[in-house]
Amino acid sequence: MRVEMQADYVEFAASVTSGELARLLGVLAPGVFSAEWAEEDVVTAKESLAEAGGNAMEDVSAADKLHSLFQRALWGDCPWTQPMWGTEETREQITLADVRGFYRTFYVPGISSLCIVSPYSDAEVFDMARAAFGAFEAKQVSEVEAVQSRVTQSQVETDISPALENAMLLVGVPLPPVGSDGFARAMVIYGALSGPEGLLSADKSIATGLTLADRIGVGQMNPIEVMPITLSSHPSLAVLAKAVPTAVESTREGILRHLLGFSDRLLTDEELQRAKLRAINLNALAMDQPESLASITNRVAMVGVENPYGGDFSARVMAVTAEDLRAFARQQFTRHAIALLLPEA
């Protein structure tokens, strides 16, 4: 079992043998909707957040800090862009009463979704779900006001991390809503950029200044990696790069040359075909695994759209033309965000 926390949702996921499904649901339901909070639980949770935020995991801390910088550059100062694990100061301010109040407000069935992937029939699954969750009332919940970004131009955010030996960059652009035609086109662009034969990997002119030893652990021995597009209320397409500080500017220019270049150039037939097949294959691989299928289906329900990877996804992708991608980029890639995390001098 794992808990996944994002800016706009919390997800509980678990994988068990089919015979244990009913028992799992019986444990999960009260664990999510009727937990009893005591002072010691809050203290333990704060300690866990401090560790997850990087007090004992410096590399994770640097990555989280970089992501927070990127979100702030892309969307401005809003709830999405706050540090995921909080700060030492904000964590200390949280009281038991705060936790209980938040829990009673948001951990309720009325704004929750449940997705189960199993070999059972729909009727059997619904019976198990009702037995586990049926006793919990669907409380009336005030609708949370949607967060609107007011950022209209490119932004750069920088910071320093003592955990780093080299600089880290995150360069990206905002995407249209999950499930839209534009989102399908963004997935094709992701396919064109990513992978061992993608446009970024094939471009040997982007000099990061890293030695072979520096590159270990960054992608597939590659200091530049296209980040997976997340299913959220504010998706983006972003490229992560590691570079020596003196090569930051050339690395930034190289990445933007590819991202913003979609507004000017047309992909060749070969590049377009590879991009489409990669987008379709990555989707098929994710949908073929029970846990990832459940997670994808659940997240699109939480975002509030039809499944962008549903039965017509392949057809939508294959219908995209090179001209479509250029028109999409000209309309969508009008601004970009850059996050830069530097080592201490």
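Just so it is clear, the structure is predicted and the values come from calculations on it, not from any experiment. (Residues numbered from 1 in each chain as written. Predicted model: local features only at pLDDT ≥ 70, side-chain atom pairs only at ≥ 80, totals over all residues. Heavy atoms only, no water.)

Digging into the packing of helix α7 (residues 181-193) against helix α11 (residues 269-287)
Here comes step 1: It is the contact of α7 with α11, at a shortest axis distance of 7 Å, that shows an interaxial angle of 110°. Considering their axes alone, α7 and α11 lie roughly perpendicular with respect to each other. Contacts between α7 and α11 pair M187, V188, Y190, G191 and A192 from the former with L272, R274, A275, K276, R278, A279 and L282 from the latter.
Here comes step 2: Of the residues contributing to the contact of α7 with α11, the split by class is eight nonpolar, one polar and three charged. (Axes fitted to C-alpha atoms, helices over the stretch in contact; angles between N-to-C directions. Helix = DSSP H or I, 4+ residues; strand = E, 2+ residues; numbered from the N terminus. Parallel < 35°, antiparallel > 145°, perpendicular 65-115°, else oblique. Contact = heavy atoms within 4.5 Å. Nonpolar A, V, L, I, M, F, W, Y, C, P; charged D, E, K, R; others polar.)

Let's talk about the pairing of strand β2 (residues 10-13)
Put simply, side chains in a regular strand alternate between the two faces of the sheet.
Here comes step 1: Across the two faces of β2 the burial differs, with E11 and A13 buried and V10 and F12 not buried at all.
Here comes step 2: Where strand β1 (residues 2-5) lies against β2, four bridges are found, and the strand directions are antiparallel. Opposite R2, over in β2, you have A13 as the bridge partner.
Here comes step 3: Following β1, the chain reverses through four residues before pairing antiparallel with β2. (Buried < 20%, exposed > 50% of the residue type's maximum accessible area, 1.4 Å probe, protein only. Pairing = 2+ DSSP bridges.)

As for helix α5 (residues 96-106)
Here comes step 1: Buried residues of α5: L96, V99 and Y103, and no others. Burial along α5 is one-sided: seen end-on, the buried residues are contained in an arc of 65°. For α5, exposure combined with an orientation more than 90 degrees from the buried face picks out A97 and R104. (Arc of directions from axis to C-beta.)

Regarding α11
Here comes step 1: Compared with an ideal rise of 1.5 Å per residue, which puts 19 residues at 27 Å, α11 spans 27 Å between its outermost C-alpha atoms and is within 8% of the ideal.
Here comes step 2: Among the residues making up α11, those that are buried are L272, A275, K276, A279, I280 and N283. Each buried residue of α11 sits inside an arc of 120° when the element is viewed along its axis, so together they form one side. Facing away from the buried side of α11, by more than 90 degrees, are the exposed residues E270, N281 and L285.
Here comes step 3: Check the buried side of α11 and you find it contacts α7, α13 (313-318) and α14 (322-332). (Expected span 1.5 Å × (residues − 1).)

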